Amino acid sequence: MPNISARSVTADRLPTQLDGLGQLLPRLAARRPDHIALVTDDRRMTYAELDQESSRVARNLMARGIAPGERVSIFSQNRWEWIVSYHGALKAGAVVIPLNVMLTGEEVSYALADAEAAALLASGERLNAVGAALSEVPSLRLVVSFDDTTRDVQPFADLLSGEDDPRFTPHPADPDSLACIAYTSGTTGRAKGAMQSHRSLVLNCAYTATMHARTADDVVVTALPAPHVYGNVAINGTFLAGGTVVLMTRFDPAGALDRISRHKATLFEGVPAMYAMMLADPALTDANLDSLTRSTVGGQTIAESVIESWEKRSGAPLIELWGMTELSGLGTTHALYAPNVHGSIGVALPGVQIRVGEIGDLRRECSPGEPGELMVRGPIVTMGYYNNPDATAESIDADGWLRTGDVAIQDGTGHLFVVDRLKDMILTAGYNVYPAEIERILIGHPAIALVAVGAEPDAVKGEVAHAYVVLADGQNPDTDSIVAYCRERLAAYKVPRAIHYVDSLPTTSSGKLMRRKLRETRSH
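Just so we're clear, the structure is a prediction, and the values are computed from it rather than from any experiment.

Caption draft 1: Structural detail: the pairing of strand β4 (residues 95-98). In β4, alternate side chains face the same way, and those of Val95 and Ile97 on one face and Val96 and Pro98 on the other are all buried. As defined by bridge partners, strand β3 (residues 71-75) adjoins β4 across four bridges and the pair is classed as parallel. Bridge pairing in β4 places Ser73 opposite Ile97. Taken together, β3, helix α3 (residues 80-91) and β4 form a β-α-β motif whose crossover is right-handed.

As structure tokens, then:
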């Protein structure tokens, strides 16, 4: 079992009664001012420094006319300025709009206009890429760049200027009021802005910290994007416990392994592809993972073979979790000291209700082992979609149950197992085929480093499965071997009808597979 220090959860405990995350850093600065809170590629910051600089941002935003309730957007890769801006905006009483760095100019201008953003804080690289589209946002009054840029904007240094005011306190937060509008990366149509309350953000960080037994002694390495809910919970859930976050600008396997070794990380957090890539990287041979007491994985289903390989190499449990933007983070996970059922996304967070509804009649709860749509109710569920009552009504029923779009089963003991996304299901000759099931099998083949499965139209069967494979180092394409491997482990109708060998797989900024873009990757 992980060696979790009793001291760190008793004598060094931290107050956790927060109305909003804007109150978090002042409390930590009062209790642990000199403790390292954040480590990035170019800076190490104590809790006192994080609190001080985020308060400067808050005061300067207010001085520039950003009023409580107005929208402040942040648009950049992971960096210390992102974290400072997030907490500064909340301290000012603003509503945060975190933007995915992969968005195009048109998508950025849509989200900012839809949310009526008053301010945008962004990296110079992102501003240079999409800045021309900002003229389409009439509400935007303030644009700030973290770096030098070709755009005519204010430098971030201006928001860090001025004398510190020891009398400054964060704007009071109503737990039920709007804290964040997070735009979902929808596959069709316009993105939807999921409204997150102060309560949902605090509870998700608190429940996640509790389930994973985070302490003030933790050192957490993560490359999860800060704008993503999983990344937000990884960062602020660690802060809530008073620990240290080692934040990568972007993921690379050798860099992640180096940081785990160098910083003696107790926890790594990532998505399935990150673990598969680290296990396949030559740097793994010399990596020292002895400090890890657990890791977490979410964002997509993961093959049990990958879990077992990482646990064997690290000597610590890999804890699966599941969540979504509409929940401000996690909805389920395993408690650290509870049974870790491989392949399961765990159990519901405290105070959260989960059920599996029959597809076609969601009012009926499925029996154990019967696939249905995963549904969630409780204080972490979104307040609805901003400016979109129709989408809200379609996703949340009159009793407060949120439709997640995930197909899952429950085993009768409270453990849940995600089968796949409902929209990714392949209907082949009348049979339901779930890509994730095929991927979990294929990743076990010794020649395969990464794999994704998508639907392909078929004149006879409607749709069939095609597999997209990234080969492990030193391996050559061997379609016959891969197909034979599948035939031994899958029903005939689930076996991929074609294998495409590709150099990489399309993913979102958080590392999720984008199956709808698989055809674009074909190189053989």
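Caption draft 2: A look at the sheet that holds strand β12 (residues 267-270). Pairing is mixed in the open sheet, where nine strands are placed in the order β2-β1-β11-β10-β12-β13-β14-β15-β16. Looking at strand neighbours, the two that pair on one side only are β2 (44-46) and β16 (347-348), the edges of this open sheet. Pairing between strand β1 (residues 36-39) and strand β11 (residues 244-247): two bridges, direction parallel. Looking at the pairing, Val39 lines up with Val246 of β11.

Caption draft 3: Examining the pairing of β11 more closely. Judged by which residues are buried, β11 turns out to be covered on both faces: Thr244 and Val246 on one side and Val245 and Leu247 on the other are all buried. Two elements, strand β10 (residues 219-222) and β11, share four bridges in a ladder whose sense is parallel. Of the residues in β11, the one forming a bridge with Val221 is Val246. Considered for its hand, the β-α-β crossover made up of β10, helix α7 (residues 229-241) and β11 is right-handed.

Caption draft 4: Spotlight on the packing of helix α1 (residues 24-31) against α7. Interaxial distance between α1 and α7 falls to 9 Å at its minimum, and their mutual angle equals 40°. Classified by the interaxial angle, the pair formed by α1 and α7 is oblique. The interaxial crossing formed by α1 with α7 has left-handed handedness. Judged by residue contacts, Leu24, Leu25 and Leu28 of α1 engage Asn236, Phe239 and Leu240 from α7. Class assignment of the residues belonging to the contact of α1 with α7 gives a composition of five nonpolar, one polar and no charged.

Caption draft 5: Representation of the side chain of Arg32. Summarising the element assignment, Arg32 is placed in the loop between α1 and β1. The class for Arg32 is buried, based on a relative accessible area of 11%. Engagement of the side chain of Arg32 in a polar contact is seen with the side chain of His35, the distance being 2.7 Å.

Caption draft 6: Representation of the nonpolar core. Membership of the largest hydrophobic core comes to 119 residues, with the highest contact counts inside it found for Leu50, Ile83, Phe156, Phe239, Phe268 and Leu442. Not counting residues up to four positions away in its chain, the partners in contact with Phe156 are Val57, Trp80, Glu81, Val84, Ser85, Leu121, Val144, Ser145 and Phe146. Among the nonpolar cores identified, the runner-up in size contains 22 residues, and Phe75, Val95, Val130 and Met195 belong to it.

Caption draft 7: Here's a closer look at the sheet that holds strand β21 (residues 402-410). Spatially, the five strands line up as an open sheet ordered β18-β17-β19-β21-β22, and their pairing is antiparallel. One side of each edge strand has no neighbouring strand; the edge strands of this open sheet are β18 (361-365) and β22 (416-421). Adjacent strand axes in the sheet meet at a mean angle of 55° when their direction is disregarded. For β21 and β22, the ladder comprises five bridges, and the chain directions are antiparallel. In the strand pairing of β22, Ala408 is matched with Val418.

Definitions and limits used
Residues numbered from 1 in each chain as written. Predicted model: local features only at pLDDT ≥ 70, side-chain atom pairs only at ≥ 80, totals over all residues. Heavy atoms only, no water. Buried < 20%, exposed > 50% of the residue type's maximum accessible area, 1.4 Å probe, protein only. Helix = DSSP H or I, 4+ residues; strand = E, 2+ residues; numbered from the N terminus. Pairing = 2+ DSSP bridges. Right-handed = clockwise from strand over helix to strand, strands pointing away. Axes fitted to C-alpha atoms, helices over the stretch in contact; angles between N-to-C directions. Parallel < 35°, antiparallel > 145°, perpendicular 65-115°, else oblique. Left-handed = near helix turned anticlockwise from the far one by under 90°. Contact = heavy atoms within 4.5 Å. Nonpolar A, V, L, I, M, F, W, Y, C, P; charged D, E, K, R; others polar. Polar contact = N/O pair within 3.5 Å; in protein donor to acceptor, adjacent residues only side chain to side chain. Core = buried A, V, L, I, M, F, W, Y, C linked by side-chain atoms within 4.5 Å.

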